[in-house]
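Tertiary structure, described
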Amino acid sequence: MSGLLGALVLVPLGGAVLASLLPARAAAVTGLTAAATAATAALATVLVATTGTLDLELAGWGAPLGIDLRADGLSATLLLLTAAVGAVVTAYAAGPRAARGQEPFWPLWLLLWAGLNAVYVSGDLFNTYVALELLGLAAVALVAQGGRDSLAPALRYLFVAVLGSLAYLLGVALVFAETGTLDIAIAADSLDSGTSAVVALGAMTVGLALKTALFPLHAWLPPAHSAAPAAVSALLSALVVKASFYVLVRLWFTVYRAEAATLTQALGVLGAAAVVWGGVQALRQQRLKRVVAYSTVAQVGYLFLIFPLAAPGVDAGAGTAAAATAVAGWTGALAVAVAHGLAKSAMFLTAGTLAAAHGTDQLDRLRGAASRMPMSGMAFALAAITLAGLPPTLGFVGKWQLLQASLGSGQWWWVPVLLGGGLLTIAYTARAMKATFRDQADDDEEPPELRPVLRRLQVAPLGLALAALLLGLTAVPLVDLTLVGSPWGGS
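Here goes a summary of the coordinates provided. (Residues numbered from 1 in each chain as written. Predicted model: local features only at pLDDT ≥ 70, side-chain atom pairs only at ≥ 80, totals over all residues. Heavy atoms only, no water.)

**A few points about the overall build of the chain**
The helix and strand tally for the chain stands at 20 helices and two strands. The dimensions of the chain, computed from C-alpha atoms along their principal axes, are 70 × 55 × 40 Å. Taken over 491 residues, the chain has a buried fraction of 58%. Partitioning the contacts of the chain with sequence separation of at least 6, the portion at a separation of at least 24 is 80%. (Helix = DSSP H or I, 4+ residues; strand = E, 2+ residues; numbered from the N terminus. Buried < 20%, exposed > 50% of the residue type's maximum accessible area, 1.4 Å probe, protein only. Contact = heavy atoms within 4.5 Å.)

So, in structure tokens, the structure goes:
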């Protein structure tokens, strides 16, 4: 059944080719491909959860001569998130053209999906680079589907993607020079601590942090995410930034392991700065999509707390208490990643729906939207409480675990970041919701007449927001899944 790993890449890739050859049937082809890819990802996740890590030697040639595909709990978690968000976004994008932009959206979206899956199952550093390149080029092209106003942000995104890839590739070359292999597992056993190893880690970390939009390398993200069509914005925020974050986690916890533990505080500080800066900037925005875009900058910061909170517990001699704390940091950060993916895609899709109905996403033009479009108002509210980390959502589960890890490891300085960031999230989301709750009686001007929107444009984001809520009530299987193949879990 490990052949599923190849299908995770080949199915969306084949669908992209077919959608390009049959433009009149591109939406139908994409829908069928999305269903097949999501089902494959779900089956692979079940296998990982029940049998452990999956391995596939392509063409029967294993590493170091051949190419290996692997999927553990970390991979499966993000494969499943991609499948869930991807299936819903595909249904949303099948609505009016404005929801997705130009018609090349369909094959580009499937190429993006193939790139995401390839990142998550790749077993060597160079193929990860190839997958990141496919992912980045598809993402840039998707941003450009927003029309003339999106071209400049797309071009800036392209420069950033190329620069990040070059930095990552430099690190890969240094690792190969040091170990003579590109296979992640073999490199982890062969790499020695030294100047070359530290420079390689630094180059790859900078390149991947640029792609993830970690503060202060985030300036490209808000313009790109806010200028893209709603369906594209949801994909970029919920999924694309997770791919480079995933590679960072794989590098620091598999290839470098405890050798990198002394450098993790720096990543945590940058993450904390992102939480504060992104939240403050979100408070200042006048357009709903810009609020949600800067929220992504802030929420990405929480993910980087995995490094200071979990890395010290990787060493086998760290002790039981340190390992338990590291598990809490690991599972908490990954739960936040899933919660963010569901909630942020719901927010961007809701923003697109409200903009389609009102003709704008300016906050002062959305008055009364919550009462006239209650499903959209509910979707945004549920997504907001998930991002703020309020119970009983999955966001609460993740941030609670991060709090436990902070206190258990004696790193109390992350507690104000977690609590203060939650308050900032409540502040900027409440400000956005207040604008939608304003009644026409509050203004002399009549509210704009609503344009008709398809029901699916309201149902799709509500489904994603509800999923984040329900996962908070049944989080144990997800937490167990993230530990499969981790430094603290079974194989």
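**Quick notes on empty space enclosed by the protein**
Empty space among the atoms becomes apparent when a probe as large as a water molecule is rolled across them. This model, assessed by the stated rule, comprises four cavities of 30 Å³ or more. Here the largest cavity defines a volume of roughly 100 Å³. As for the largest cavity, its lining consists of L132, L135, G136, Y157, V160, A161, K211, W220, V240, A243 and S244. Every element with two or more residues in the lining of the largest cavity is listed here: α5 (125–143), α6 (151–179) and α10 (230–255). (1 Å grid on protein atoms, 1.4 Å probe; cavity = no way out; pocket = protein on both sides within 12 Å on 5 of 7 lines; lining within 4 Å. Points joined across faces, edges and corners; volume = space filled by probe spheres on them.)

**Thoughts on helix α2 (residues 26–51)**
The first and last C-alpha atoms of α2 sit 37 Å apart over 26 residues, in line with the 38 Å expected at 1.5 Å per residue. Following α2 by one or two positions, G52 has its phi on the positive side, about 105°. (Expected span 1.5 Å × (residues − 1).)

**A word on the environment of L263**
Among the secondary structure elements, L263 is positioned in the loop between α10 and α11 (264–284). The sequence separation of L263 and V198 amounts to 65 residues, and the corresponding C-alpha distance is 10.0 Å. For L263, the contacting residues outside a window of four places in its chain are L201 and W252.

**Looking at the packing of aromatic side chains**
For any pair of aromatic rings, geometry is given as the distance between the ring centres together with the angle between the planes. Throughout the structure, instances matching the rule amount to 15 aromatic pairs. Seen in terms of ring centroids, F253 and W330 are 5.2 Å apart; in terms of plane orientation they differ by 75°. Their pairing is edge-to-face. Taken together, the residues span a long stretch of sequence, with F253 in helix α10 and W330 in helix α14 (residues 320–358) at a distance of 77 residues. Take F253: its relative accessible area is 3%, and that puts it in the buried class. By relative accessible area, W330 is classed as buried at 3%. Arranged with centres 5.8 Å apart and planes meeting at 75°, the rings of W412 and W413 form a pair that is edge-to-face. According to the relative accessible area criterion, W412 is exposed, its value standing at 56%. Three or more aromatic residues joined by ring pairs form one cluster here, namely F245, W252, F253, F304, F307 and W330. For K399, the ring lying beneath its charged end belongs to Y302, and the centroid distance is 4.0 Å. (Phe/Tyr/Trp six-rings, centres within 6.5 Å; stacked < 30°, edge-to-face > 60°. Lys NZ or Arg CZ within 6 Å of the ring centre and 35° of its normal.)

**Comments concerning the side chain of R70**
As for its position among the elements, R70 is in strand β2 (residues 68–71). A distance of 3.1 Å separates the side chain of R70 from the backbone oxygen of G123, its partner in a polar contact. Discounting residues that sit within four places of it in the chain, R70 has contacts with L5, L54, D55, S75, Y120, V121, G123, D183 and A185. (Polar contact = N/O pair within 3.5 Å; in protein donor to acceptor, adjacent residues only side chain to side chain.)

**Notes on helix α20 (residues 476–483)**
Turning to α20, its buried residues number three or more, namely L478, L481, T482 and L483. Against the buried residues of α20 lie α2, α3 (73–93), α14 and α17 (394–408). The first or second residue beyond α20 is G485, which carries a positive phi of 75°.

**So, the packing of α3 against helix α19 (residues 456–473)**
Here α3 crosses α19 at 170°, and the two axes come no closer than 9 Å. With respect to α19, the element α3 is oriented roughly antiparallel. Touching A84, V85, V88, A91 and Y92 of α3 are R456, L457, A460, P461 and L464, all from α19. Taken together, the residues that form the contact of α3 with α19 break down as nine nonpolar, no polar and one charged. (Axes fitted to C-alpha atoms, helices over the stretch in contact; angles between N-to-C directions. Parallel < 35°, antiparallel > 145°, perpendicular 65-115°, else oblique. Nonpolar A, V, L, I, M, F, W, Y, C, P; charged D, E, K, R; others polar.)

**Points about the pattern of salt bridges**
Once the charged atoms of two side chains with opposite charge are near each other, the side chains can pair. If you walk through the whole model with that rule in mind, you get four salt bridges. For the salt bridge of R70 with D55, the shortest nitrogen-to-oxygen distance reads 3.3 Å. With a gap of 15 residues between them, R70 in strand β2 and D55 in strand β1 (residues 54–57) connect regions that are remote in the sequence. Exposure remark for D55: the relative accessible area of 45% places this residue in the partly exposed category. Among the ionic pairs, D72 bridges to R250, the shortest N-O distance being 2.8 Å. (Salt bridge = Lys/Arg side-chain N within 4 Å of Asp/Glu carboxyl O.)

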